[in-house]
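Here is what each chain is made of, one letter per residue.
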Amino acid sequence: MRVFIISDMEGVAGIVKWQQTDGAKEKRAFHEGRELYTEEINAAVRGARTAGAKEIVVMDCHGAGEEWTFNSLIPDKLDRGCEYVVQNDWTEYTELLETGCDAALFIGMHAKAGTPDGVLAHTVSGQAWRELKFNGTSVGETGINAALCGQWDCPVLLVTGDAAVCREATVLLGEGLTTVAVKKGLGAYSARQVAPLRARELIEDGARRALRELSAVEPYDPGKPCEIQIEFHTPARLVEYSNRNGIEQIDDHTLVSRADDWWTAWSQFYF
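Described below are features of the structure shown in this document. (Residues numbered from 1 in each chain as written. Predicted model: local features only at pLDDT ≥ 70, side-chain atom pairs only at ≥ 80, totals over all residues. Heavy atoms only, no water.)

### Details of the sheet that holds strand 10 (residues 226-232)
Strand order in the open sheet formed by five strands is 6-5-10-12-11, with antiparallel pairing between adjacent strands. The sheet is open, and its two borders are formed by strand 6 (137-138) and strand 11 (247-251), each paired with just one other strand. By the bridge criterion, five bridges tie strand 5 (residues 129-134) to strand 10 in an arrangement that is antiparallel. Counted as the bridge partner of W129 is F232 from strand 10. (Pairing = 2+ DSSP bridges. Helix = DSSP H or I, 4+ residues; strand = E, 2+ residues; numbered from the N terminus.)

### Thoughts on the pairing of strand 9 (residues 190-193)
Taken together, the four bridges between strand 8 (residues 178-187) and strand 9 define a ladder with antiparallel strand orientation. Residue G187 lies in a different strand from strand 9, and its bridge partner there is S190.

### Some remarks on the sheet that holds strand 4 (residues 103-109)
As summarised here, the arrangement of the seven strands in space is 3-2-1-4-7-8-9, forming an open sheet in which the pairing is mixed. Of all the strands in the sheet, the pair left with one neighbour each is strand 3 (83-85) and strand 9. Averaged over all adjacent pairs, the angle separating strand axes in this sheet is 25 degrees, with direction ignored. When strand 7 (residues 156-162) meets strand 8, the two strands line up parallel, connected through five bridges. Bridge pairing in strand 8 places V159 opposite T179. Seen against the sheet, helix 3 (residues 141-151) touches strand 1 (2-7), strand 2 (55-60), strand 4 and strand 7 and runs at an angle of roughly 165 degrees to strand 4. (Axes fitted to C-alpha atoms, helices over the stretch in contact; angles between N-to-C directions. Contact = heavy atoms within 4.5 Å.)

### Quick word on the nonpolar core
As a rule of thumb, soluble globular proteins bury nonpolar side chains together. Grouped together as the largest cluster of nonpolar side chains are 88 residues, with contacts concentrated most on F4, I5 and W262. Looking at this core element by element, the count peaks at eight residues for helix 1 (residues 27-50). Look past the residues within four positions of W262 in its chain and what remains in contact with it is F134, I144, A147, L148, Q151, P222, C226 and I228. (Core = buried A, V, L, I, M, F, W, Y, C linked by side-chain atoms within 4.5 Å. Buried < 20%, exposed > 50% of the residue type's maximum accessible area, 1.4 Å probe, protein only.)

### Some points on the packing of helix 3 against helix 7 (residues 262-270)
Two elements in contact, helix 3 and helix 7, have axes whose closest approach is 9 Å; the angle formed by their N-to-C orientations is 125 degrees. The angle between helix 3 and helix 7 falls in the class oblique. When you trace helix 3 past helix 7, the crossing you get is left-handed. In contact with I144, A147, L148 and Q151 of helix 3, helix 7 contributes W262, W263 and W266. For the contact of helix 3 with helix 7, the residue count by class is six nonpolar, one polar and no charged. (Parallel < 35°, antiparallel > 145°, perpendicular 65-115°, else oblique. Left-handed = near helix turned anticlockwise from the far one by under 90°. Nonpolar A, V, L, I, M, F, W, Y, C, P; charged D, E, K, R; others polar.)

### Digging into the packing of aromatic side chains
Any aromatic ring pair is given by two values, namely how distant the centres are and how the planes are angled relative to each other. Scanning all chains against the criterion turns up 15 aromatic pairs. Judged by centre distance (6.2 Å) and plane angle (85 degrees), the ring pair of W90 and W266 falls under edge-to-face. Residue W90 is located in the loop between strand 3 and helix 2 (95-98), and its partner W266 is located in helix 7; the two are separated by 176 residues in the primary sequence. Each member of the pair W90 and W266 is classed as buried. Members of the aromatic cluster, joined through ring pairs, are W90, W129, F134, W152, F232, Y241, W262, W263, W266, F269 and Y270. (Phe/Tyr/Trp six-rings, centres within 6.5 Å; stacked < 30°, edge-to-face > 60°.)

### A word on the environment of T160
Along the polypeptide, T160 turns up in strand 7. The sequence separation of T160 and A13 amounts to 147 residues, and the corresponding C-alpha distance is 9.8 Å. Excluding residues that lie within four positions of it along the chain, T160 makes contacts with E40, F106, I107, G108, M109, V165, V180 and I203.

### Digging into the pattern of salt bridges
Evaluated as defined, the whole model comprises 12 salt bridges. Among the ionic pairs, E201 bridges to R198, the shortest N-O distance being 3.1 Å. Highlighted residues: E201 and R198, both in helix 5 (residues 196-210), separated by three residues, approximately one helical turn. With relative accessibility at 47%, the residue E201 sits in the partly exposed group. Taking relative accessible area as the criterion, R198 reaches 44% and is therefore assigned partly exposed. Of the charged contacts, one joins R208 and D205 as a salt bridge, the two residues approaching to 2.1 Å between their closest N and O atoms. Linking R208 with D205, this pair stays in helix 5, spanning three residues, or about one helical turn. (Salt bridge = Lys/Arg side-chain N within 4 Å of Asp/Glu carboxyl O.)

Okay, structure coming up:
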């Protein structure tokens, strides 16, 4: 069994402040966050291995700034049972998916922009993106990563993070999804949390349970043809995207990318 672990940082137990996720601003708090982050990945790796995974690849999807973007895991503390990817651009790495991957596990995820009880909730860029829709369905980063996996028929079987993202993911992917909530948001920067040691036990068990039934969740396909709509907080943020091929500006805040499938629509917008 080949397993893809896609991870983010804001949904990790013990993380509630931006300083814990930003390598460019606060080194002490960020390195504490890296420790918490790496250990939750290790828990998922252990669970996947117990479930029978023979190949496990971890892809860090957290944009931490400077040299830390997509590079926030602590390499010499990673479980030896996995390999890991450091990519230059988000959604760049697709090799494992293209060659056949049995399941994806999403660790440390956060809720989409505008979620009232979402801890550090945002979509891609909290300063720029206000709303993202795939064929009219509002999604966050869980939806983006699920669509990436679904492009190559890989199902997402586990999502961990705060209670808000677990709810969001279940609505999007279905009741067959296994979720592990490691904290409950009390606001954007506060939460009632499971102690990290216990959170890791829950994630390990969740990964093991999720991989028992590979058909529990269908691969996510936003639909064909696909329209991606991105609404920005301010008109100024449209400039870097508006002249790309296949992109249409429909009002002062909104761009649309249309194509025969999600991957083409996403690529002409994002790359």
